[in-house]
Amino acid sequence: MQKNTIFSLITINILMLSHAYGETDLGEITVTASPVGTHSSVEIPCQIDTVKAKEITSASLGEVLSNIAGVNNSSTGSQAGKPIIRGMGGDRVKILSNGNPTDFQTYGTRHIATLDPLLASRIEVVRGAQGVLYGSDALGGVVNVLSPSYLVADENETLFNGSYIGEYNSNNNEFANAIKTQSAVGKVGFNLSASQRKGDNYSTGKSDRWQSGTTSDLPRFAGELPYTNFETKSVQAGVGYTEDLYEISLQHTYWQSFQNFLGHTSAPAFNAVASAGQDLINNETQFDGSFSLGDWMLKSKFSLTNNRREAATGIPYEDMKSAINTSDYLDIEVDRQDMKLALQHPTFLGFDGEIGLDGYDKKQTLKSGKLVPTANEKGLGIYLFEEKSMGDVELQGGIRYDTRNVKALLDGQNNGYFIDRNFFDATNNEQDFSAFGASLGATYKLNSDFTLATNLSKGFRAPSIFELFAGGVHGGVQAFQIGNPNLQEENSLGIDLSLRYQKDATNANLTFYSNTINNYIQLTNTGYYRNPTTGERATTGLVEMQNEQTDARIDGIEFSLERKITDATTIRSTAEYIQGKDTKNNQNLAYIPPSHISVGATQSIGSFGKLTNNEILVDVRMYEGQKVAGLFEPFAQYNNTPFGSADTSGYALFDLGYHSTLHLESRDIDLSVKATNIFDLGYRDYLDTYKGYALAMGRNITFNLAIPFGDQ
């Protein structure tokens, strides 16, 4: 599909805005983009979308968010998916849990967020730099996963409600179950939720180019892909207390995931093998409190996180314990404390705002293995955020200053391997970073239907422990990855301009954005090889890839439309055109999503007895072909093997779904079934880390069931 096709389809969608019909619920209220006011998404300068609980049907956070314009999914199989926002992912997208920072060792493409989307009440996604409120790592945007609020009952009243959620996926025989409950005794609220998900190996679409058993196939693996199974579980418990002058809450979340990832052996065999089995455990405790001080408000957040990553190179998770105390076993533990204090002031000269202080202390310990060293990291930031309403104009702005210290320990017992191979030494094992950030945005209501919004932001991101000091086999990029202790902080300057249309049952948004990033960190192929066992350079072995810096610019166009054209028919569409340039070397930027468009419709077909709200959904998703930026790009090494390719062709996927509500006395049970890739197309997704040697998932049928219980 050519780029002019994307532009043509966007133009057609814009022309569909006229003659809206009926009414719908538009302008979702958001909490992530403003800490001091209540706003709908159409009123604030930055671009924000909300995914509701009933729309969450995947273990992959990236997959859950991929229907939002400007958001893509960097995937590995059916369980691992990370959001890419406006061409930026990984450490450039801040993942929050109830507004608190998470730390799940996000340096790997296949490292998933350590939370279960099924337990969320909603997920808010802010596109564009949000450094003023959230500091470093928010260059591309913010994803805030929000738990259900706490119930409040009358003094002598008791409340209780909940829901059971069940899901089944046919492709990989994947089952998911979740129970979410809320209760209250007077002003004390209790939330308790639990979930479990387990999936087998998944199967790819059909491809005439694949034949089992030869090394000249393109790609190497198709059909049922071994080592793509997984299982996760999570428990979340919280208590909250609400008074007239203050609210406090305490919540703990336990999450564990076992994962396998498909890899392959070296030439000439290229046999399937587990690139790594993983056992991931995350414990997160959060305290939130807000206290009224007359016309002022004091807000506080504290969180404690313990994250444990155990992995075995070349061994599935079912057998990985056999590798303990060997060089193939990786064991990394992270302990992190975060705090945030903010003082919200009363309205002054028409401005509402707050001044805040936040910071963290992180200790990373390498207990076994060679990938990343024992190191410490700490940061501190102070910010001022203000907003003002002036008739048809809404203003938001702020300024922030951050400092960050990253230090790899010169400990021979833990880090001797890295020091001996000159990955770092006493001259460069500690780095200090600091920067100012700022933002200024405005919305202007042109008339009752159209709103113009613009946002200018200056962002900052310090290099991570991994980017500075890594040195080892990294299955996420099928390479030997080394850090660069001389990296500088990234600095970005971004601007976006949006035209929003909202009338009755039509909601549309057209956004142009441009983001310039100085000292952009990217993983590059050095042209050397490393012995995966010794870590020394060799004539053959794994490709060596190192973090280097350049200057970059990412430009794009996002479009979204939802329109109810009759009482029974709703149409929707999203589109994205994106280009990324390495401006220092005048070449394309690595790992930029392909331009794409989706078009869909929902048709109501009325009620049949106790089955109400019956709907049929049809969607088609179209993606352009995409070529790697050069041999330096991750996975580009597969363009030089006899069986694979990192370049991908254009393709279109068709989905078909059905939704209904079963009304049983006082209970409404939601039922849905959705078939994705209904023609079982064999294709490769450019953002899939398996793309170099395997096809993507084939036809899948998802069944969902939601049953409410308790006081409704």
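Our subject is the structure listed above.
An account of the accompanying structure is given in this report.

Scoring rules and cut-offs
Residues numbered from 1 in each chain as written. Predicted model: local features only at pLDDT ≥ 70, side-chain atom pairs only at ≥ 80, totals over all residues. Heavy atoms only, no water. Helix = DSSP H or I, 4+ residues; strand = E, 2+ residues; numbered from the N terminus. Rg over C-alpha atoms; globule rule 2.2 N^0.38 Å. Buried < 20%, exposed > 50% of the residue type's maximum accessible area, 1.4 Å probe, protein only. Contact = heavy atoms within 4.5 Å. Areas by Shrake-Rupley, 256 points an atom, 1.4 Å probe, with all protein chains shown as cover. Lys, Arg positive; Asp, Glu negative; His and termini not counted. Charge placed at Lys NZ, Arg CZ, Asp CG, Glu CD. Salt bridge = Lys/Arg side-chain N within 4 Å of Asp/Glu carboxyl O. Pairing = 2+ DSSP bridges.

**Brief notes about the overall build of the protein**
Next, step 1: Counting secondary structure elements, the protein contains 5 helices and 35 strands.
Next, step 2: At 25 Å, the protein has a C-alpha radius of gyration in line with the 27 Å of a compact globule built from 712 residues.
Next, step 3: With respect to the three principal axes, the spread of C-alpha positions in the protein is 70 × 55 × 50 Å.
Next, step 4: Within the protein, buried positions represent 56% of all 712 residues.
Next, step 5: Residue pairs in contact within the protein that sit at least 24 positions apart in sequence constitute 68% of those at least 6 positions apart.
Next, step 6: A total of about 28,900 Å² of accessible surface is found on the protein, and carbon and sulfur atoms cover 54% of it.
Next, step 7: Distance between charge centres in the protein, computed from 56 positive and 81 negative side chains, equals 4 Å.

**Some thoughts on the pattern of salt bridges**
Next, step 1: Applying the stated criterion to the full structure yields 30 salt bridges.
Next, step 2: With its nearest N and O atoms 4.0 Å apart, the salt bridge here joins arginine 404 to aspartate 137. Residue arginine 404 is found in strand β20 (residues 393-408), and its partner aspartate 137 is found in the loop between α3 (131-134) and β9 (141-146); the two are separated by 267 residues along the sequence. The residues arginine 404 and aspartate 137 share a single accessibility class, namely buried.
Next, step 3: A salt bridge links glutamate 490 to arginine 461; its shortest N-O distance comes to 2.9 Å. Taken together, the residues span a long stretch of sequence, with glutamate 490 in strand β25 (residues 490-503) and arginine 461 in strand β22 (residues 450-461) at a distance of 29 residues. For the pair shown, glutamate 490 and arginine 461 are each scored as buried.
Next, step 4: It is possible to trace a salt-bridge network through shared partners that takes in Asp49, Arg86, Arg127, Asp496 and Glu558.

**Details of the environment of glutamate 489**
Next, step 1: For glutamate 489, the position within the fold is in the loop between β24 (479-482) and β25.
Next, step 2: Judged by relative accessible area, glutamate 489 falls into the buried class, the value being 19%.
Next, step 3: For the pair glutamate 489 and serine 464, spaced 25 residues apart in the sequence, the C-alpha separation amounts to 9.7 Å.
Next, step 4: Residues in contact with glutamate 489, not counting those within four places in the same chain, are Phe433, Ser434, Phe460, Arg461, Ala462, Pro463, Asn518 and Asn519.

**Some points on the sheet that holds strand β7 (residues 100-101)**
Next, step 1: Read across the open sheet, the 5 strands follow the order β3-β8-β9-β6-β7; overall the sheet is mixed. Two strands lie at the open edges of the sheet, namely β3 (47-52) and β7, each paired on one side alone.
Next, step 2: Sheet analysis places β3 next to strand β8 (residues 122-127), joined by 6 bridges and oriented antiparallel. Bridging from a neighbouring strand, isoleucine 48 pairs with valine 126 of β8.

These values are about where atoms sit, not about what they do.
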